[in-house]
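Each chain, letter by letter, is given below.
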Amino acid sequence: MTWAGLLIALVGALGYALGAALQQYEAVAEGASLKLVRRPRWWIGGVIGFAGACLHAVALSLAPLVVVQPISVATLVFAVPLAAFMYGRKPYRAEILGSLAVAVGLLWLMLLVPEHDVTPHLGNGAALGFLAVIGVIVLVTQVAAGRMRGAGRAIVLAIGAGVVTASVSTFVRVVGGGLEGDWGRLVHWFTLAVPVLLVCAVVLLQRSYAVGYFGIAYAGVQVIDPITSVLAGALLLGEPLPTAPGTAVPALLAAALTIGGTITLGRLAPDHTRPVVPANPAAPVEAAASPAAGSGSAVTAASDAN
């Protein structure tokens, strides 16, 4: 069943990447507000992303958390080019290299985690403690983001979104992996926690996307989500971590590669899609600044229109 779970997780992750690219484009244009519900493309992205999340949930019911979660990391290589396509441009070399570095480094790091296929069990006390820790992290990141701008704001918001996304995966793993053919086990507050956490994750994701740095926001979520999930699997569900001395150096190299890729993505300027209203209504101009140009292109376009 593990291989089936891996294949389903890969398909779901590709769908999630496409949905994220669509929603980020709209979040930049409208901001993380209720205005997004009037954007058909945002809904399309949401449906595609939700389908990917459902497939991910199915995969978690077939394979261990530490095996399924790393699969989503590989989609970073697809998500960044998809986002560039949405802006009508080719992905920049730094985007490709940064995405590859994050994906390869994190996938390498996750592959060092030994496979462990047992029925997951989570007590009520441990679950509440886990949610409390997640809540504190989210609160801290939201407060910190309010005092930051640019790439720093994007990565801090991505951390909050990533830990909540990981909590969704953890509870899905506990609920789906613990069924063992007994559907009556779905009648539990863990099951109700999944949609609530999922809504929180969606809201936090839109906030991170709205900053405009899709590469670093998406990479941040893809880094924080599996690492948090693996830690939750190890600390709460008894899933093992790599402890052999021979894995220490590879783990450090993989972490360095992941950090380097994230820094590369963070150095890129954001995409913008907000229209610039010209002084002369007869000469409409819509400025779209590329990551290379930053917001300065919007100012230049407005000046030219006048």
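About the cut-offs
Residues numbered from 1 in each chain as written. Predicted model: local features only at pLDDT ≥ 70, side-chain atom pairs only at ≥ 80, totals over all residues. Heavy atoms only, no water. Helix = DSSP H or I, 4+ residues; strand = E, 2+ residues; numbered from the N terminus. Buried < 20%, exposed > 50% of the residue type's maximum accessible area, 1.4 Å probe, protein only. Contact = heavy atoms within 4.5 Å. Phe/Tyr/Trp six-rings, centres within 6.5 Å; stacked < 30°, edge-to-face > 60°. Salt bridge = Lys/Arg side-chain N within 4 Å of Asp/Glu carboxyl O. Axes fitted to C-alpha atoms, helices over the stretch in contact; angles between N-to-C directions. Parallel < 35°, antiparallel > 145°, perpendicular 65-115°, else oblique. Left-handed = near helix turned anticlockwise from the far one by under 90°. Nonpolar A, V, L, I, M, F, W, Y, C, P; charged D, E, K, R; others polar. Patch = residues over 30% accessible without salt bridge, like charges linked within 9 Å, V, L, I, M, F, W, Y side chains within 5 Å. Areas by Shrake-Rupley, 256 points an atom, 1.4 Å probe, with all protein chains shown as cover. Core = buried A, V, L, I, M, F, W, Y, C linked by side-chain atoms within 4.5 Å. Arc of directions from axis to C-beta.

## Here's the deal with the overall build of the protein chain
Summing up its helical and strand segments, the protein chain has 11 helices and zero strands in all. Moving toward the C terminus, one meets the helices and strands of the protein chain in the order α-α-α-α-α-α-α-α-α-α-α. Here the protein chain holds 306 residues, and the buried ones make up 47% of them. Contacts in the protein chain between residues at least 24 apart in sequence constitute 78% of all its contacts with a sequence separation of at least 6.

## Brief notes about the packing of aromatic side chains
Summed over the entire model, instances satisfying the criterion amount to five aromatic pairs. Here Trp 189 and Phe 190 contribute two aromatic rings whose centre-to-centre distance is 4.7 Å and whose plane-to-plane angle is 80 degrees, an arrangement assigned as edge-to-face. Residue class for Phe 190 comes out buried when judged on its relative accessible area of 4%. Grouped by ring-pair contacts, the aromatic residues Phe 130, Phe 171, Trp 189 and Phe 190 constitute a single cluster.

## A short note on the pattern of salt bridges
One pass over the structure, following the stated rule, counts three salt bridges. Of the charged contacts, one joins Glu 95 and Arg 89 as a salt bridge, the two residues approaching to 3.0 Å between their closest N and O atoms. Taken as a pair, Glu 95 and Arg 89 share a single burial class, namely buried. Where salt bridges share partners, they join Glu 26, Arg 39 and Arg 41 into one cluster.

## Quick notes on the packing of helix α4 (residues 76-86) against helix α5 (residues 93-111)
Remark: α4 packs on α5, axes separated minimally by 8 Å, with the N-to-C direction vectors making an angle of 155 degrees. The angle between α4 and α5 falls in the class roughly antiparallel. Crossing geometry of α4 relative to α5 is assigned as right-handed. For the pair α4 and α5, contact is made by Leu 76, Val 77, Val 80 and Pro 81 and by Glu 95, Ile 96, Ser 99, Leu 100, Val 102 and Ala 103, respectively. For the contact of α4 with α5, the class distribution of residues is eight nonpolar, one polar and one charged.

## Points about a nonpolar patch on the surface
A cluster of nonpolar side chains, Leu 97, Leu 100, Val 104, Trp 108, Val 249, Leu 253 and Leu 257, forms an exposed patch at the surface whose accessible area comes to about 600 Å². For the nonpolar patch, the secondary structure elements donating two or more residues are α5 and α10 (248-266). Broken down by element, the nonpolar patch gets its largest block of residues, four residues, from α5. Under the relative-accessibility criterion, Trp 108 is labelled partly exposed at 33%.

## Description of the nonpolar core
It is characteristic of soluble globular proteins that their nonpolar side chains tend to be buried jointly. With 61 residues, the main nonpolar core has Leu 122, Val 164, Phe 171, Phe 190, Tyr 209, Phe 214 and Tyr 218 as its most contacted residues. Not counting residues up to four positions away in its chain, the partners in contact with Tyr 218 are Tyr 16, Ala 17, Ala 20, Thr 75, Leu 76, Ala 79 and Tyr 209. Leu 22, Tyr 25, Val 28 and Met 86 belong to the second-largest nonpolar core, a separate cluster that totals five residues.

## Focus on the side chain of Thr 228
Inspection of the secondary structure puts Thr 228 in helix α9 (residues 214-236). Taking relative accessible area as the criterion, Thr 228 reaches 17% and is therefore assigned buried. Not counting chain neighbours up to four residues away, the residues in contact with Thr 228 comprise Val 163 and Ala 166.

## Here we look at the environment of Gly 146
Residue position: Gly 146 is located in the loop between α6 (124-145) and α7 (150-177). Looking at Gly 146, the relative accessible area reads 49%, which means it is partly exposed. Sequence spacing of Gly 146 and Leu 157 is 11 residues, and the spatial spacing of their C-alpha atoms is 9.6 Å.

## Focus on the environment of Ala 59
Inspection of the secondary structure assignment puts Ala 59 in helix α2 (residues 40-62). Note on Ala 59: relative accessible area 0%, which makes it buried. For the pair Ala 59 and Trp 3, spaced 56 residues apart in sequence, the C-alpha separation works out to 9.4 Å. In this view, Ala 59 contacts Gly 5, Ile 8, Ala 9 and Val 68; residues no more than four positions away in its chain are not counted.

## Quick notes on the packing of helix α8 (residues 189-210) against α9
How two helices sit against one another is set out by the angle between their axes and by the gap between those axes. Packing of α8 against α9 leaves a shortest axis separation of 8 Å and a crossing angle of 145 degrees. Contacts from Leu 205, Ser 208 and Tyr 209 of α8 reach α9 at Phe 214, Ala 217, Tyr 218 and Val 221. Per-class residue counts for the contact of α8 with α9 are six nonpolar, one polar and no charged.

## With respect to α4
Every buried residue of α4 is accounted for by Leu 76, Ala 79, Val 80, Ala 83, Ala 84 and Met 86. Each buried residue of α4 sits inside an arc of 155 degrees when the element is viewed along its axis, so together they form one side. Just past α4, the residue Gly 88 takes up positive phi, approximately 70 degrees.

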